[in-house]
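Examination of the molecular architecture
These are the residues of each chain, in order.
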Amino acid sequence: MEIVIDRRAKTERRAETGRARKYPVIARPDLTYTPEIAAATAHLYEKVKHVIPAIEWPALAPTIKAINDLKKVRNAVIIAHNYQVPEIYHGVADIVGDSLALAREAARTDADVIVQCGVHFMAETSKLMNPDKTVLIPDSRAGCSLAESITAADVRLLRQRYPGVPVVTYVNTSAEVKAESDICCTSANARQVVESFGVDRVILIPDEYLAKNVAAETHVRIITWHGHCEVHERFTAEELLEYRDAHPGMEIIAHPECSPDVVAVADFTGSTSAMINYVKSRKPPKALLVTECSMASNIAGESPDTQFVAPCNLCPHMQRITLGGILESLLTMSEEVTIDPAVASRARRAVERMVNLQS
Ligand code: 13P
Ligand code: SF4
């Protein structure tokens, strides 16, 4: 497949730093499935053949090949969350992980361009860590019910109501909300962050269930908010117990955005990467991942000893990111993530404090 670069260039000016950058204009690649493309993508198909039927591969492979070629031309890196669909997770992503890993990796990359395959708050976090780089999100409508549940004004009111109490903000929030907080946390480090202040009371927002699950593990008293993940709040302890009855020996592995009732019946609770590591290291004969559906699809090929049992719920926001959208992003250098510089400097401090905490 040929990538044709036009001599004309698109000039972008960095909002925060004022630096200008030029991008070559690239002609749309031909997306015909050819023997050359079949050969070039055969090693990738091996990783997804357990979930993508062979008959569907010719429709995906040309776009995967075009994206991987374009990444080199743009000096771009694709950072993808564990909830991305298998053709993205295994086909085009350079870095995959949970929110904490993605924030750390975004801080380390030396690529000029980051394409964030995940939801908008994740792309904002990458931009905060890289004000000088171009951060693209294939569909900026990819939101999050937790990020939508709270505003910067809400955080200011909480501070007035609880003067002097540190504010820990889950990364699933807008940059404006992060800017009002002392430090961020993710599902991987929430307890560690809460305890890092050495005080007896902390505000942990906006996920009520994450806050309650952390409160059950620490002596720190936690004030929270009424935000919920629309995907994880749908699971109930009753349905999980029914699955356990039907599948003796099955392990229930939950994300801490689930309700405390669900966490109480789980064999293990952790971030998306901790869930994956648990399955890979313990190799349970049957596992129920109480989280977004793509997780099980992504690791099923690497976990041949484990049978994954339904149910799972789809995150409609994560599902907005598609191969076609990623290709379009790299061709047109859009949609670019920008953050008001005054907000960015304060929000960055909260994310950096988290990233710099010793793990
Ligand atoms: P992780 O940080 O565990 O990857 O979770 C992010 C998320 O949005 C889960 O719904
Ligand atoms: Fe937000 Fe829930 Fe989707 Fe994660 S799964 S991005 S918390 S809505």
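The structure we're discussing is the one just above.
Summarised in this report is the structure supplied together with it. (Residues numbered from 1 in each chain as written. Chains lettered and ligands numbered in written order. Predicted model: local features only at pLDDT ≥ 70, side-chain atom pairs only at ≥ 80, totals over all residues. Heavy atoms only, no water.)

**Digging into the overall build of the protein chain**
To keep it simple, the criterion reads: For helices the rule is a DSSP run of H or I covering at least 4 residues; for strands it is a run of E covering at least 2, with both sets numbered from the N terminus onward. Each radius of gyration is computed over the set of C-alpha atoms, and the globule rule expresses the reference value as 2.2 Å times the number of residues to the power 0.38. A simple rule labels every residue: compare its accessible area, found with a 1.4 Å probe on the protein chains alone, to the largest value its type can have, and call it buried under 20%, exposed over 50%, or partly exposed in between.
Each helix and strand counted, the protein chain has 16 helices and 14 strands in total. Taken over C-alpha atoms, the radius of gyration comes to 21 Å for the protein chain, in line with the 21 Å a tight globule of 359 residues would show. Seen along its three principal axes, the alpha-carbon backbone of the protein chain occupies a region of about 60 × 55 × 30 Å. The burial tally for the protein chain puts 56% of its 359 residues in the buried class.

**Side note on helix α4 (residues 99-108)**
Rules: This arc is taken over the directions from the axis of the helix to the C-beta atoms. It only takes one pair of heavy atoms within 4.5 Å for two residues to be counted as in contact.
Of the residues making up α4, those classed as buried are S99, L100, L102, A103 and A106. The buried residues of α4 occupy an angular sector of 165° when the element is viewed end-on, so they sit on one face. Considering only its buried residues, α4 is in contact with β3 (76-81), β4 (95-97), β5 (113-117), α5 (120-129) and α16 (341-356).

**A closer look at the site of ligand 1**
Just so we agree on the cut-off: Residues are classed as near a molecule or strand on a simple rule: at least one heavy atom within 4 Å of it. Definition of a polar contact: a pair of N or O atoms within 3.5 Å, with one able to donate and the other able to accept a hydrogen when the atoms are protein atoms, and with sequence-neighbouring residues admitted only if both atoms are side-chain atoms. All accessible areas in this document rest on Shrake-Rupley with a 1.4 Å probe, and a residue is counted as covered only by the protein chains that are shown. Residue type decides the class: Asp, Glu, Lys and Arg count as charged, Ala, Val, Leu, Ile, Met, Phe, Trp, Tyr, Cys and Pro as nonpolar, and the leftover types, Gly among them, as polar.
As a structural note, the neighbourhood of ligand 1 is formed by H81, Y83, D98, S99, N172, S187, H232, H255, E257, S271 and T272. At 2.6 Å, a side-chain N or O of H81 approaches an oxygen atom of ligand 1. Within the side chain of E257, one N or O atom sits 2.8 Å away from an oxygen atom of ligand 1. Protein burial of ligand 1: of its 300 Å² of free accessible surface, 95% is covered by the chains. For the shell around ligand 1, the per-class residue count stands at one nonpolar, eight polar and two charged.

**Quick notes on the side chain of S294**
Mapped onto the fold, S294 is located in helix α14 (residues 293-300). Look at S294 and you get buried, because its relative accessible area is 5%.

**Regarding the pairing of strand β9 (residues 201-205)**
Here is the rule we go by: Two strands pair under a simple rule: DSSP has to find at least two bridges between them. Note on handedness: a clockwise path from strand one over the helix to strand two, with the strands aimed away from the viewer, defines a right-handed crossover.
Judged by how many residues are buried, β9 sits mostly within the fold: four of five residues are covered. Where strand β7 (residues 167-170) lies against β9, three bridges are found, and the strand directions are parallel. Note that in β9 the partner of T169 across the bridge is I205. For β9 and strand β10 (residues 221-223), the ladder comprises three bridges, and the chain directions are parallel. Residue pairing across strands places I203 opposite I223, the latter belonging to β10. Note on the crossover from β9 through helix α10 (residues 208-215) to β10: the handedness is right-handed.

**Examining the packing of helix α2 (residues 57-74) against helix α15 (residues 323-332)**
Selection criterion: Between N-to-C directions, angles cover 0 to 180 degrees, with each direction set by a line fitted to C-alpha atoms, over the stretch in contact for helices. An angle below 35 degrees is treated as roughly parallel, one above 145 as roughly antiparallel, one from 65 to 115 as roughly perpendicular, and anything else as oblique. For any pair of crossing helices, the crossing counts as left-handed if the nearer helix is rotated counterclockwise from the farther one by less than a right angle, and right-handed if it is rotated clockwise.
At a minimum axis separation of 10 Å, α2 and α15 run at an interaxial angle of 30°. The angle between α2 and α15 falls in the class roughly parallel. Judged by the sense of rotation from one axis to the other, the crossing of α2 with α15 is left-handed. Counted together, L60, T63, I64, A66, I67, L70, K71 and R74 of α2 and L323, G324, I326, L327, L330 and L331 of α15 form the full contact between these two elements. Class assignment for the residues of the contact of α2 with α15 results in 10 nonpolar, two polar and two charged.

**Considering the pattern of salt bridges**
Test applied: The salt bridge definition used is simple: a Lys or Arg side-chain nitrogen within 4 Å of an Asp or Glu carboxyl oxygen.
Scanning the model with the defined rule gives 15 salt bridges in all. The closest approach of N and O atoms between E195 and R191, which form a salt bridge, is 3.1 Å. Placement of both E195 and R191 in helix α9 (residues 190-195) is noted, with a separation of four residues, approximately one turn of the helix. Given a relative accessible area of 35%, E195 falls into the partly exposed group. A salt bridge links E251 to R282; its shortest N-O distance comes to 3.1 Å. Linking E251 in strand β11 (residues 250-254) with R282 in helix α13 (residues 272-282), this pair joins segments that are 31 residues apart in sequence. Residue classification places E251 among the buried positions, given a relative accessible area of 13%. Ionic contacts of the salt-bridge type, sharing partners, join the residues D139, R141 and R320 into one network.

The values reported here are purely geometric and, on their own, carry no functional implication.
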